[in-house]
Amino acid sequence: MFENADRTELSELGEFGLIEHLAQHFGTKNQHSIKGVGDDCAVIERSETTFGLISTEVFLEGVHFDLAYHPLKHLGYKLVSAVVSDVYAMNGKPEQIQIALGLSNRFGLEAIEELYAGIIIACDKYKVDLVGGDTSTSRSGLVVSMSVYGVVNKDLITYRTGAKPMDLLVVSGDLGGAYMGLQILEREKRVFMEVPNMQPDLEQYDYIVGRQLRAEARFDVIDILEEIGVKPTSMMDVSDGVASEIFHLAKVNQVGFDIFEDKLPIDPQTVETAISFDLNPSIVALNGGEDYELLMTIDQGDFEKIKNIPDLTIIGYVTEAALKNQLITKSGNTFDIKAQGWPISQK
Ligand code: ADP
Ligand code: MG
(Lines give C-alpha, C1' and ligand atoms only; values in the text may rest on other atoms or scores of the structure.)
(Ligands and ions follow the chains in the order given, each with its own letter.)
Protein backbone atom coordinates (compact mmCIF):
# COMPACT_ATOMS: atom_id res chain seq x y z
CA MET A 1 0.00 0.00 0.00
CA PHE A 2 2.71 2.44 1.05
CA GLU A 3 5.59 2.16 -1.37
CA ASN A 4 8.22 4.40 0.13
CA ALA A 5 11.43 2.38 0.10
CA ASP A 6 13.60 5.11 1.60
CA ARG A 7 13.09 7.22 4.65
CA THR A 8 11.14 10.40 3.93
CA GLU A 9 11.43 13.22 6.44
CA LEU A 10 8.05 14.35 7.75
CA SER A 11 9.24 17.93 7.42
CA GLU A 12 9.32 17.47 3.64
CA LEU A 13 5.57 16.91 3.66
CA GLY A 14 4.52 19.27 6.41
CA GLU A 15 1.46 18.64 8.58
CA PHE A 16 -1.08 19.10 5.80
CA GLY A 17 0.97 17.21 3.22
CA LEU A 18 1.26 14.30 5.63
CA ILE A 19 -2.49 14.13 6.30
CA GLU A 20 -3.21 14.34 2.56
CA HIS A 21 -0.67 11.61 1.83
CA LEU A 22 -2.10 9.24 4.44
CA ALA A 23 -5.71 9.96 3.53
CA GLN A 24 -5.18 8.75 -0.06
CA HIS A 25 -4.91 5.24 1.34
CA PHE A 26 -8.20 5.05 3.16
CA GLY A 27 -11.71 6.01 2.23
CA THR A 28 -15.06 5.34 3.89
CA LYS A 29 -17.06 2.14 3.62
CA ASN A 30 -20.07 2.88 5.80
CA GLN A 31 -22.93 4.64 4.07
CA HIS A 32 -23.39 6.78 7.19
CA SER A 33 -19.88 8.26 6.85
CA ILE A 34 -20.79 11.32 4.79
CA LYS A 35 -17.44 13.16 4.97
CA GLY A 36 -14.10 11.85 6.23
CA VAL A 37 -10.81 13.74 6.30
CA GLY A 38 -10.60 17.32 5.09
CA ASP A 39 -12.93 19.55 7.06
CA ASP A 40 -13.10 20.81 10.65
CA CYS A 41 -15.22 17.77 11.55
CA ALA A 42 -16.10 14.44 10.02
CA VAL A 43 -19.79 14.30 9.09
CA ILE A 44 -22.03 11.35 9.90
CA GLU A 45 -25.61 10.59 8.89
CA ARG A 46 -27.74 10.84 12.03
CA SER A 47 -31.39 11.32 11.13
CA GLU A 48 -33.46 12.51 8.20
CA THR A 49 -32.83 16.12 9.18
CA THR A 50 -29.53 16.09 11.10
CA PHE A 51 -25.88 15.17 10.70
CA GLY A 52 -23.54 14.13 13.51
CA LEU A 53 -20.10 15.83 13.69
CA ILE A 54 -16.87 14.46 15.22
CA SER A 55 -13.44 16.00 15.77
CA THR A 56 -10.33 15.40 17.90
CA GLU A 57 -7.58 17.65 19.28
CA VAL A 58 -4.36 16.68 21.02
CA PHE A 59 -2.32 18.99 23.28
CA LEU A 60 1.22 18.03 24.29
CA GLU A 61 3.25 19.52 27.11
CA GLY A 62 6.21 21.42 25.71
CA VAL A 63 4.51 21.76 22.30
CA HIS A 64 1.07 23.22 22.95
CA PHE A 65 1.47 24.37 26.52
CA ASP A 66 4.11 25.05 29.14
CA LEU A 67 3.08 24.31 32.71
CA ALA A 68 5.52 26.96 33.93
CA TYR A 69 2.85 29.53 33.06
CA HIS A 70 -0.23 27.61 31.94
CA PRO A 71 -2.49 26.91 34.94
CA LEU A 72 -4.04 23.44 34.60
CA LYS A 73 -7.51 24.86 35.11
CA HIS A 74 -7.07 27.16 32.12
CA LEU A 75 -5.56 24.33 30.11
CA GLY A 76 -8.64 22.18 30.70
CA TYR A 77 -10.89 25.04 29.62
CA LYS A 78 -8.79 25.77 26.52
CA LEU A 79 -8.80 22.15 25.40
CA VAL A 80 -12.60 22.04 25.45
CA SER A 81 -12.74 25.37 23.59
CA ALA A 82 -10.35 24.08 20.91
CA VAL A 83 -12.37 20.97 20.22
CA VAL A 84 -15.88 22.46 20.31
CA SER A 85 -14.62 25.23 18.02
CA ASP A 86 -14.41 22.64 15.22
CA VAL A 87 -18.11 21.87 15.67
CA TYR A 88 -19.03 25.58 15.54
CA ALA A 89 -16.93 25.79 12.35
CA MET A 90 -19.47 23.40 10.77
CA ASN A 91 -22.31 25.66 12.05
CA GLY A 92 -23.19 22.89 14.53
CA LYS A 93 -23.75 22.48 18.27
CA PRO A 94 -21.44 20.28 20.35
CA GLU A 95 -23.16 17.81 22.71
CA GLN A 96 -20.62 15.33 24.10
CA ILE A 97 -16.86 15.24 24.67
CA GLN A 98 -14.41 12.51 25.65
CA ILE A 99 -10.93 13.00 27.10
CA ALA A 100 -7.77 10.89 26.81
CA LEU A 101 -5.01 11.58 29.35
CA GLY A 102 -1.36 10.60 29.50
CA LEU A 103 -0.23 11.32 33.08
CA SER A 104 3.09 11.00 34.86
CA ASN A 105 3.63 10.60 38.60
CA ARG A 106 4.81 14.22 38.58
CA PHE A 107 1.15 15.10 39.11
CA GLY A 108 -0.80 14.65 42.31
CA LEU A 109 -4.55 14.27 42.56
CA GLU A 110 -5.00 18.00 43.20
CA ALA A 111 -3.32 18.90 39.91
CA ILE A 112 -5.64 16.62 37.93
CA GLU A 113 -8.60 18.04 39.82
CA GLU A 114 -7.52 21.49 38.68
CA LEU A 115 -7.47 20.31 35.05
CA TYR A 116 -10.94 18.85 35.48
CA ALA A 117 -12.23 21.99 37.19
CA GLY A 118 -11.44 23.90 33.99
CA ILE A 119 -13.01 21.20 31.84
CA ILE A 120 -16.19 21.25 33.93
CA ILE A 121 -16.49 25.06 33.72
CA ALA A 122 -16.12 24.78 29.94
CA CYS A 123 -18.72 21.98 29.81
CA ASP A 124 -21.21 24.33 31.50
CA LYS A 125 -20.29 27.19 29.19
CA TYR A 126 -20.64 25.21 25.95
CA LYS A 127 -23.43 22.99 27.31
CA VAL A 128 -21.60 19.75 26.57
CA ASP A 129 -21.34 16.54 28.59
CA LEU A 130 -18.07 14.81 29.38
CA VAL A 131 -18.97 11.20 28.65
CA GLY A 132 -15.75 9.26 29.13
CA GLY A 133 -12.26 8.86 27.75
CA ASP A 134 -9.10 6.97 28.57
CA THR A 135 -6.29 7.30 31.15
CA SER A 136 -2.73 6.11 30.73
CA THR A 137 0.83 6.71 31.91
CA SER A 138 3.07 9.11 30.04
CA ARG A 139 6.87 9.14 30.20
CA SER A 140 7.17 12.37 28.27
CA GLY A 141 5.10 14.99 29.97
CA LEU A 142 1.38 15.60 30.08
CA VAL A 143 -0.69 14.56 27.07
CA VAL A 144 -4.34 15.55 26.80
CA SER A 145 -6.53 14.72 23.87
CA MET A 146 -10.20 15.50 23.45
CA SER A 147 -12.87 14.36 21.03
CA VAL A 148 -16.22 15.97 20.45
CA TYR A 149 -19.55 14.85 19.05
CA GLY A 150 -21.95 17.49 17.78
CA VAL A 151 -25.07 17.87 15.69
CA VAL A 152 -26.14 20.14 12.89
CA ASN A 153 -29.28 20.57 10.87
CA LYS A 154 -28.60 19.31 7.34
CA ASP A 155 -29.84 22.60 5.87
CA LEU A 156 -27.44 24.61 8.01
CA ILE A 157 -24.17 22.66 7.75
CA THR A 158 -21.23 24.71 6.48
CA TYR A 159 -18.22 23.01 4.94
CA ARG A 160 -14.86 24.50 3.99
CA THR A 161 -16.07 24.12 0.40
CA GLY A 162 -18.76 26.37 -1.05
CA ALA A 163 -16.93 29.72 -1.35
CA LYS A 164 -17.36 31.40 -4.74
CA PRO A 165 -15.89 34.50 -6.39
CA MET A 166 -17.31 37.78 -5.05
CA ASP A 167 -18.30 36.28 -1.69
CA LEU A 168 -17.27 38.41 1.28
CA LEU A 169 -14.51 37.13 3.56
CA VAL A 170 -15.63 37.64 7.14
CA VAL A 171 -13.96 36.93 10.47
CA SER A 172 -15.37 37.04 14.00
CA GLY A 173 -13.75 38.85 16.92
CA ASP A 174 -10.16 40.03 16.67
CA LEU A 175 -6.91 38.44 15.55
CA GLY A 176 -3.37 37.96 16.81
CA GLY A 177 -4.14 38.34 20.53
CA ALA A 178 -3.34 34.76 21.52
CA TYR A 179 0.01 34.93 19.73
CA MET A 180 1.04 38.16 21.49
CA GLY A 181 -0.19 36.73 24.81
CA LEU A 182 2.19 33.82 24.26
CA GLN A 183 5.08 36.22 23.57
CA ILE A 184 4.41 37.98 26.89
CA LEU A 185 4.26 34.69 28.82
CA GLU A 186 7.47 33.42 27.21
CA ARG A 187 9.22 36.69 28.02
CA GLU A 188 8.06 36.62 31.66
CA LYS A 189 9.21 33.02 31.94
CA ARG A 190 12.72 34.01 30.76
CA VAL A 191 12.79 36.90 33.24
CA PHE A 192 11.61 34.61 36.04
CA MET A 193 14.35 32.07 35.29
CA GLU A 194 16.95 34.80 35.62
CA VAL A 195 15.42 36.60 38.61
CA PRO A 196 13.22 34.04 40.41
CA ASN A 197 11.91 36.45 43.04
CA MET A 198 10.43 38.84 40.54
CA GLN A 199 6.67 38.55 40.28
CA PRO A 200 5.49 39.30 36.77
CA ASP A 201 2.94 42.10 36.39
CA LEU A 202 0.62 40.84 33.69
CA GLU A 203 -2.34 43.10 34.44
CA GLN A 204 -1.72 45.43 31.54
CA TYR A 205 -1.69 42.36 29.26
CA ASP A 206 -4.81 40.74 30.72
CA TYR A 207 -6.73 40.53 27.44
CA ILE A 208 -4.04 38.94 25.29
CA VAL A 209 -2.76 36.64 28.04
CA GLY A 210 -6.35 35.50 28.56
CA ARG A 211 -6.68 34.89 24.81
CA GLN A 212 -3.68 32.57 25.01
CA LEU A 213 -4.34 30.72 28.24
CA ARG A 214 -8.10 30.52 28.29
CA ALA A 215 -9.31 30.59 24.70
CA GLU A 216 -13.03 30.94 24.03
CA ALA A 217 -14.89 29.20 21.21
CA ARG A 218 -17.44 31.35 19.35
CA PHE A 219 -20.78 29.64 19.98
CA ASP A 220 -22.28 33.13 20.13
CA VAL A 221 -21.37 33.68 16.47
CA ILE A 222 -23.30 30.55 15.48
CA ASP A 223 -26.29 31.91 17.41
CA ILE A 224 -25.99 35.32 15.72
CA LEU A 225 -25.85 33.74 12.25
CA GLU A 226 -28.98 31.78 13.07
CA GLU A 227 -30.78 34.88 14.38
CA ILE A 228 -30.00 37.02 11.35
CA GLY A 229 -30.71 34.14 8.97
CA VAL A 230 -27.27 33.96 7.35
CA LYS A 231 -25.68 30.70 6.31
CA PRO A 232 -22.03 31.22 5.29
CA THR A 233 -21.09 29.68 1.93
CA SER A 234 -18.01 28.18 3.66
CA MET A 235 -16.55 28.30 7.14
CA MET A 236 -13.64 27.08 9.28
CA ASP A 237 -12.14 28.07 12.59
CA VAL A 238 -8.88 29.97 12.95
CA SER A 239 -6.52 27.71 14.85
CA ASP A 240 -3.34 28.16 12.78
CA GLY A 241 -3.78 31.80 11.70
CA VAL A 242 -5.81 33.42 8.92
CA ALA A 243 -2.95 33.22 6.39
CA SER A 244 -2.83 29.46 6.77
CA GLU A 245 -6.63 29.04 6.85
CA ILE A 246 -7.29 31.02 3.65
CA PHE A 247 -4.72 28.81 1.96
CA HIS A 248 -7.00 25.84 2.77
CA LEU A 249 -10.14 27.67 1.66
CA ALA A 250 -8.43 28.78 -1.57
CA LYS A 251 -7.26 25.26 -2.31
CA VAL A 252 -10.48 23.37 -1.72
CA ASN A 253 -12.56 25.98 -3.54
CA GLN A 254 -10.04 26.77 -6.30
CA VAL A 255 -10.42 30.49 -5.62
CA GLY A 256 -8.21 33.31 -4.36
CA PHE A 257 -8.62 35.97 -1.68
CA ASP A 258 -8.01 39.70 -1.52
CA ILE A 259 -7.59 40.85 2.08
CA PHE A 260 -7.41 44.50 3.09
CA GLU A 261 -4.85 45.27 5.76
CA ASP A 262 -6.84 48.23 7.09
CA LYS A 263 -9.84 45.97 7.74
CA LEU A 264 -8.03 43.43 9.94
CA PRO A 265 -9.67 43.48 13.40
CA ILE A 266 -6.88 43.82 15.97
CA ASP A 267 -7.35 44.68 19.64
CA PRO A 268 -5.39 47.78 20.81
CA GLN A 269 -3.54 45.63 23.40
CA THR A 270 -2.38 43.32 20.59
CA VAL A 271 -1.25 46.31 18.51
CA GLU A 272 0.70 47.93 21.36
CA THR A 273 2.34 44.69 22.41
CA ALA A 274 3.27 43.76 18.84
CA ILE A 275 4.92 47.15 18.35
CA SER A 276 6.81 46.83 21.64
CA PHE A 277 8.18 43.49 20.34
CA ASP A 278 9.14 45.14 17.06
CA LEU A 279 6.52 43.13 15.18
CA ASN A 280 4.08 44.36 12.56
CA PRO A 281 0.56 44.01 14.08
CA SER A 282 -0.98 43.09 10.71
CA ILE A 283 1.47 40.24 10.22
CA VAL A 284 0.77 39.07 13.75
CA ALA A 285 -2.99 39.18 13.00
CA LEU A 286 -2.56 37.14 9.81
CA ASN A 287 -0.11 34.56 11.13
CA GLY A 288 -0.63 34.29 14.86
CA GLY A 289 -2.53 31.12 15.73
CA GLU A 290 -4.93 29.94 18.43
CA ASP A 291 -7.45 32.74 18.14
CA TYR A 292 -10.30 30.23 17.67
CA GLU A 293 -12.31 32.81 15.76
CA LEU A 294 -14.53 31.77 12.86
CA LEU A 295 -13.49 32.59 9.31
CA MET A 296 -16.27 32.44 6.74
CA THR A 297 -17.30 33.45 3.26
CA ILE A 298 -20.70 35.08 2.90
CA ASP A 299 -22.78 35.73 -0.19
CA GLN A 300 -22.83 39.41 -1.27
CA GLY A 301 -26.64 39.27 -1.00
CA ASP A 302 -26.30 38.93 2.79
CA PHE A 303 -24.21 42.10 3.15
CA GLU A 304 -27.06 44.15 4.66
CA LYS A 305 -27.68 41.47 7.30
CA ILE A 306 -24.09 41.33 8.55
CA LYS A 307 -22.79 44.87 8.00
CA ASN A 308 -23.80 46.14 11.45
CA ILE A 309 -22.93 43.09 13.51
CA PRO A 310 -20.07 44.32 15.73
CA ASP A 311 -18.45 40.92 16.12
CA LEU A 312 -18.23 40.22 12.39
CA THR A 313 -15.71 42.06 10.22
CA ILE A 314 -15.52 41.94 6.45
CA ILE A 315 -11.79 41.69 5.76
CA GLY A 316 -11.82 40.97 2.04
CA TYR A 317 -13.47 38.98 -0.68
CA VAL A 318 -13.14 35.88 -2.80
CA THR A 319 -11.57 36.24 -6.25
CA GLU A 320 -11.45 34.03 -9.33
CA ALA A 321 -7.66 33.89 -9.27
CA ALA A 322 -7.22 30.31 -8.01
CA LEU A 323 -4.78 30.07 -5.08
CA LYS A 324 -3.75 33.72 -5.38
CA ASN A 325 -4.11 35.16 -1.90
CA GLN A 326 -3.19 38.81 -1.64
CA LEU A 327 -2.89 41.43 1.04
CA ILE A 328 -3.69 44.97 -0.04
CA THR A 329 -1.72 47.11 2.39
CA LYS A 330 -2.76 50.40 3.94
CA SER A 331 -0.52 52.19 1.45
CA GLY A 332 -2.18 50.38 -1.48
CA ASN A 333 0.62 47.91 -2.25
CA THR A 334 -0.23 44.30 -2.97
CA PHE A 335 1.63 41.32 -1.50
CA ASP A 336 1.13 37.62 -2.00
CA ILE A 337 0.20 35.94 1.26
CA LYS A 338 2.22 32.77 1.50
CA ALA A 339 0.69 29.55 2.80
CA GLN A 340 3.01 29.47 5.77
CA GLY A 341 2.62 33.18 6.24
CA TRP A 342 5.39 35.70 6.26
CA PRO A 343 8.21 35.39 8.72
CA ILE A 344 6.56 36.78 11.81
CA SER A 345 9.52 39.01 12.61
CA GLN A 346 9.23 40.91 9.32
CA LYS A 347 8.31 44.52 10.04
P1 ADP B 1 -8.27 21.50 12.58
O2 ADP B 1 -7.13 22.48 12.50
O3 ADP B 1 -9.58 22.07 12.24
O4 ADP B 1 -8.30 20.72 13.89
P5 ADP B 1 -6.65 19.72 11.13
O6 ADP B 1 -5.87 20.61 10.25
O7 ADP B 1 -6.03 19.21 12.39
O8 ADP B 1 -8.02 20.42 11.45
O9 ADP B 1 -7.14 18.46 10.32
C10 ADP B 1 -7.61 18.56 9.01
C11 ADP B 1 -8.29 17.26 8.64
O12 ADP B 1 -7.39 16.16 8.70
C13 ADP B 1 -9.44 16.87 9.56
O14 ADP B 1 -10.45 16.31 8.74
C15 ADP B 1 -8.84 15.84 10.50
O16 ADP B 1 -9.81 14.93 10.96
C17 ADP B 1 -7.85 15.14 9.58
N18 ADP B 1 -6.67 14.55 10.26
C19 ADP B 1 -5.78 15.20 11.05
N20 ADP B 1 -4.79 14.37 11.45
C21 ADP B 1 -5.06 13.16 10.88
C22 ADP B 1 -4.41 11.89 10.89
N23 ADP B 1 -3.27 11.71 11.56
N24 ADP B 1 -4.97 10.86 10.19
C25 ADP B 1 -6.12 11.06 9.52
N26 ADP B 1 -6.79 12.23 9.47
C27 ADP B 1 -6.27 13.27 10.13
MG1 MG C 1 -10.72 23.64 12.70
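Remember, it's a predicted structure, so these values are computed and weren't measured experimentally.

Focus: the sheet that holds strand 11 (residues 312-319)
Spatial strand order, 8-10-7-11-9-12-13: 7 strands in an open sheet with mixed pairing. Here the strands that pair on one side only, and so sit at the sheet edges, are strand 8 (234-238) and strand 13 (334-336). Averaged over all pairs of adjacent strands, the angle between their axes in this sheet comes to 25 degrees, without regard to strand direction. The pairing of strand 9 (residues 256-260) with strand 11 spans 4 bridges and is antiparallel. Within the sheet, the bridge partner assigned to D258 lies in strand 11 and is Y317. Contacting strand 7 (168-172), strand 8, strand 10 (293-298) and strand 11, helix 6 (residues 219-228) runs over the sheet at an angle of about 25 degrees to strand 10. Its contacts with the sheet put helix 7 (residues 242-253) on strand 7, strand 8, strand 9, strand 10, strand 11 and strand 12 (325-328), and the angle it makes with strand 8 is roughly 155 degrees.

Describing the site of ligand 1
Taken together, 13 residues are adjacent to ligand 1, and G38, D39, D40, E57 and D86 come closest. In this structure, an oxygen atom belonging to ligand 1 sits 3.0 Å away from a main-chain N or O atom of D39. A distance of 3.3 Å separates an oxygen atom of ligand 1 from a polar atom in the side chain of R160. Against a free-state accessible area of 560 Å², the protein chains account for coverage of 64% of ligand 1. At 3 residues, helix 1 (residues 10-23) tops the list of elements feeding residues into the shell around ligand 1. When the residues that make up the shell around ligand 1 are grouped by side-chain class, the tally is 4 nonpolar, 2 polar and 7 charged.

Some remarks on the confidence of the model for the chain
With 97% of its residues at a pLDDT of at least 70, the chain reaches an overall mean of 94. Under a pLDDT of 50 for its full length, residues 341-347 has, in the predicted model, 22 contacts with residues more than four places off or in other chains.

What counts as what
Residues numbered from 1 in each chain as written. Chains lettered and ligands numbered in written order. Predicted model: local features only at pLDDT ≥ 70, side-chain atom pairs only at ≥ 80, totals over all residues. Heavy atoms only, no water. Pairing = 2+ DSSP bridges. Helix = DSSP H or I, 4+ residues; strand = E, 2+ residues; numbered from the N terminus. Axes fitted to C-alpha atoms, helices over the stretch in contact; angles between N-to-C directions. Contact = heavy atoms within 4.5 Å. Near = heavy atom within 4 Å. Polar contact = N/O pair within 3.5 Å; in protein donor to acceptor, adjacent residues only side chain to side chain. Areas by Shrake-Rupley, 256 points an atom, 1.4 Å probe, with all protein chains shown as cover. Nonpolar A, V, L, I, M, F, W, Y, C, P; charged D, E, K, R; others polar. pLDDT = per-residue confidence, 0-100.

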